[in-house]
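Structural description and commentary
Read off the chains here:
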Amino acid sequence: MTLSERDKKHNWHPYTQHKTAQPSIAIVKGDGALLWDENGKEYIDAIASWWVNPYGHSNKVIADAIYKQLTTLEHVLFGGFTHEPAVLLSEKLMEILPNNQKKIFYSDNGSTAVEIALKATMQFFYNKGEKRTKIIAFENAFHGDTFGAMAASGISFFTEAFKGSLIDIVRIPVPIAGNESKSIQALEKVLTTNECAAFIFEPLVQGAAGMVMYDAEVLDVMIALCKDNNVFTIADEVMTGFGKTGKNFACDYLVQNPDMMCLSKALTGGTIPMAVTTFTQEIFDGFYDDDVNKALFHGHTFTANPTGCAAALASISLLQTREMQDNIQRINQQHLKFQNQIKDNPKVKTTRVLGVIFALEIKTENEESYYGDFRNKCYNFFIENGIVLRPVGNIVYILPPYIISDTQLEKVYLTIERALEIV
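Our subject in this report is the structure included herewith.

Cut-offs applied
Residues numbered from 1 in each chain as written. Predicted model: local features only at pLDDT ≥ 70, side-chain atom pairs only at ≥ 80, totals over all residues. Heavy atoms only, no water. Core = buried A, V, L, I, M, F, W, Y, C linked by side-chain atoms within 4.5 Å. Buried < 20%, exposed > 50% of the residue type's maximum accessible area, 1.4 Å probe, protein only. Contact = heavy atoms within 4.5 Å. Helix = DSSP H or I, 4+ residues; strand = E, 2+ residues; numbered from the N terminus. Expected span 1.5 Å × (residues − 1). Axes fitted to C-alpha atoms, helices over the stretch in contact; angles between N-to-C directions. Parallel < 35°, antiparallel > 145°, perpendicular 65-115°, else oblique. Pairing = 2+ DSSP bridges. Disulfide = S-S within 2.5 Å. Left-handed = near helix turned anticlockwise from the far one by under 90°. Nonpolar A, V, L, I, M, F, W, Y, C, P; charged D, E, K, R; others polar. Phe/Tyr/Trp six-rings, centres within 6.5 Å; stacked < 30°, edge-to-face > 60°. Lys NZ or Arg CZ within 6 Å of the ring centre and 35° of its normal.

**Observations concerning the nonpolar core**
The tendency in soluble globular proteins is for nonpolar side chains to be buried side by side. Within the largest apolar cluster, 106 residues are counted, with the highest numbers of intra-cluster contacts made by F242, L389 and I416. In this structure, I416 is in contact with F338, I342, L360, F382, L389, V396 and I398, ignoring residues within four places of it in sequence. Core analysis: the second largest hydrophobic core is formed by 28 residues, F125, A198, I200 and I234 among them.

What follows is the structure, given as structure tokens:
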């Protein structure tokens with residue numbers, strides 16, 4: 001029995017309708033930008049395994065840091081205790097985060113990082129005796145699958161079964177090109193109600209919506225409006241963080257700073273589940289009280305896991321190397337060349353590039369569903385040709401490891417061009 005067949009007996013995979021899905025591909029090895037399945041077939045991981053693996057599979061720098069930490073202190077509870085890896089990681093993050101971020105809360109995944117931010121904003125006002133129970137979010141956002149994060153998400157089929165059980169979200173249009181005024185006006189209208197605790201957004205790029213992009217200038221205006229109305233802002237950088245947009249964080253393109261940031265995915269270089277929610281001093285002070293009931297009662301068994309902290313420290317050290325920064329710029333230039341080459345293809349509707357992110361929208365006769373037949377046809381074509389790409393409806397995007405070679409990128413580009421010939 002193959003590994004894939006054994007998997008099918010017991011494992012329930014994410015975002016999968018198992019009655020109609022193909023058997024899961026059993027991966028047995030990863031190295032750099034490549035993966036190999038149990039039959040020896042090679043794949044280029046062109047999406048960094050859901051955006052988590054920017055420095056390549058089986059990265060020796062991160063592996064060595066993990067091994068060293070495992071032989072020193074693998075884990076200790078963070079309630080009432082601390083340890084050097086957590087202290088060092090917090091200090092390192094403070095060096096690269098926007099300068100208004102002062103406090104760090106550790107957790108274990110992106111959804112949870114968002115959940116903590118949402119809880120903190122609502123409890124902040126509760127601690128002051130104010131009732132603010134609404135959150136502002138963009139249409140078509142995706143912030144995760146736990147209940148608060150799911151509520152803030154705007155992709156309806158993810159949340160349809162839970163309507164009536166979610167926190168109250170006010171949705172506003174995404175300020176894509178030509179839509180900026182409409183989005184700002186919608187935000188201004190919401191802010192007059194004085195019922196909202198926070199505005200959460202994916203800065204500059206909505207990942208799960210299909211790499212939908214908008215400009216930093218309009219987001220600066222929106223953050224400033226929130227500040228003027230005493231509404232906190234939450235930058236969900238789970239996808240965009242750690243170099244994806246060409247800078248350490250998408251927020252580095254802004255003049256305004258968010259009050260909170262949510263980080264995960266590439267934080268540990270794709271090795272150990274870990275997440276961070278960062279806060280301004282003002283928010284932390286809203287919980288700093290003689291009354292124990294005003295504390296933020298949230299925690300996880302593996303909060304600030306020392307091994308995960310060691311992996312994150314190694315990961316950030318890699319990000320800061322000249323080699324990795326040059327790789328990010330190299331990939332961006334290759335994307336721009338490919339964009340210029342393919343944008344006039346009669347089957348291409350739109351293209352967009354930011355940092356290492358490339359996306360193209362394929363022209364189709366009908367509106368395509370998120371996991372519909374068109375998407376599945378494209379996905380299967382890419383897999384057959386040894387490329388890991390996961391289209392979103394009719395949108396194909398590339399978000400590769402920073403160590404991908406130009407030759408490997410060229411194969412990805414050529415495979416996309418071949419896909420356009422058959423769809």
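Read on, since the account is not over.
**Comments concerning helix α12 (residues 322-342)**
Across its 21 residues, α12 extends 30 Å between first and last C-alpha, which sits within 8% of the 30 Å expected from 1.5 Å per residue. Residues of α12 that are buried include every one of M324, Q325, N327, I328, I331, N332, Q334, H335, F338, Q339 and I342, and no others. Of the surrounding secondary structure, the elements contacted by the buried residues of α12 are α11 (306-319), β13 (348-354), β14 (357-362), β16 (395-398) and α14 (406-422).

**Quick word on the packing of helix α8 (residues 180-191) against helix α9 (residues 216-228)**
Where α8 contacts α9, the axes come no closer than 10 Å and their chain directions differ by 10°. Overall, the two elements α8 and α9 adopt an arrangement that is roughly parallel. Contact residues: E180, S183, I184, L187, E188 and L191 in α8; V218, V221, M222, L225 and C226 in α9.

**Concerning the sheet that holds β13**
If you walk across this open sheet you meet the three strands as β13-β14-β16, and the pairing is antiparallel. One side of each edge strand has no neighbouring strand; the edge strands of this open sheet are β13 and β16. In this sheet, adjacent strand axes meet at a mean angle of 15° when their direction is disregarded. One ladder, built from six bridges, connects β13 with β14; its direction is antiparallel. What sits directly across from V353, in β14, is F358. Where α14 meets the sheet, it contacts β13, β14 and β16, and its direction lies at approximately 170° from that of β16.

**A look at the sheet that holds strand β1 (residues 27-31)**
As summarised here, the arrangement of the four strands in space is β1-β2-β3-β15, forming an open sheet in which the pairing is mixed. Where the open sheet ends on each side, the last strands, each with one partner, are β1 and β15 (387-388).

**Here we look at the state of the cysteines**
This structure, assessed with the given rule, holds zero disulfides. Free of any disulfide, C226 has its nearest neighbouring cysteine sulfur in C196, separated by 8.7 Å. With a relative accessible area of 0%, C226 lands in the buried category. Here C262 stays free of any disulfide, with the sulfur of C251 as its closest cysteine sulfur at 10 Å.

**Structural notes on the pairing of strand β3 (residues 42-45)**
Judged from the three bridges that link them, strand β2 (residues 34-37) and β3 form a sheet pairing that is antiparallel. If you follow L35 over to β3, its bridge partner there is Y43. Where β2 folds back onto β3 in an antiparallel hairpin, the turn is made up of four residues, including G40, whose phi is positive at roughly 90°. As judged from the two bridges shared by β3 and β15, these two strands associate in the parallel manner. Pairing of I44 across the sheet is with I387, part of β15.

**Topic: the pairing of β2**
The side-chain alternation of β2 yields two buried faces, one formed by L34 and W36 and the other by L35 and D37. Of the strand pairs in this sheet, β1 and β2 are connected by four bridges, and their pairing is antiparallel. Within β2, the position partnered with I27 by the bridge is D37. Joining the antiparallel neighbours β1 and β2 is a turn of two residues, in which G32 adopts a positive phi near 60°.

**Examining the packing of helix α4 (residues 84-96) against α11**
Two numbers describe how α4 lies on α11: the axes approach to 9 Å, and their chain directions differ by 35°. In the crossing of α4 with α11, the sense of the turn from one axis to the other is left-handed. Of the residues in α11, those in contact with P85, A86, L88, L89, K92, L93 and I96 of α4 are P306, C309, A310, A312, L313 and I316. Of the residues that constitute the contact of α4 with α11, the class distribution is 12 nonpolar, no polar and one charged.

**Some details on the packing of aromatic side chains**
Applying the stated rule across the entire model yields 16 aromatic pairs. Note on Y55 and Y402: the rings are 6.0 Å apart at their centroids and 85° apart in plane angle, and the pair reads as edge-to-face. Separated by 347 residues along the polypeptide, Y55 in the loop between α2 (48-51) and α3 (60-70) and Y402 in the loop between β16 and α14 bring together distant segments of the chain. Its relative accessible area of 4% is what places Y55 among the buried residues. Consider the rings of F242 and F249, whose centres lie 5.3 Å apart with planes at 65°: the pair is edge-to-face. For F242, a relative accessible area of 1% translates into the label buried. The class for F249 is buried, based on a relative accessible area of 0%. One aromatic cluster is present, built from ring pairs that chain together F138, F199, F201 and Y214. In this arrangement the basic side chain of K103 is found over the ring face of F284, its NZ or CZ atom lying 4.5 Å from the centre. Positioned above the aromatic ring of F125, the side-chain terminus of R132 is 4.3 Å from the ring centre.

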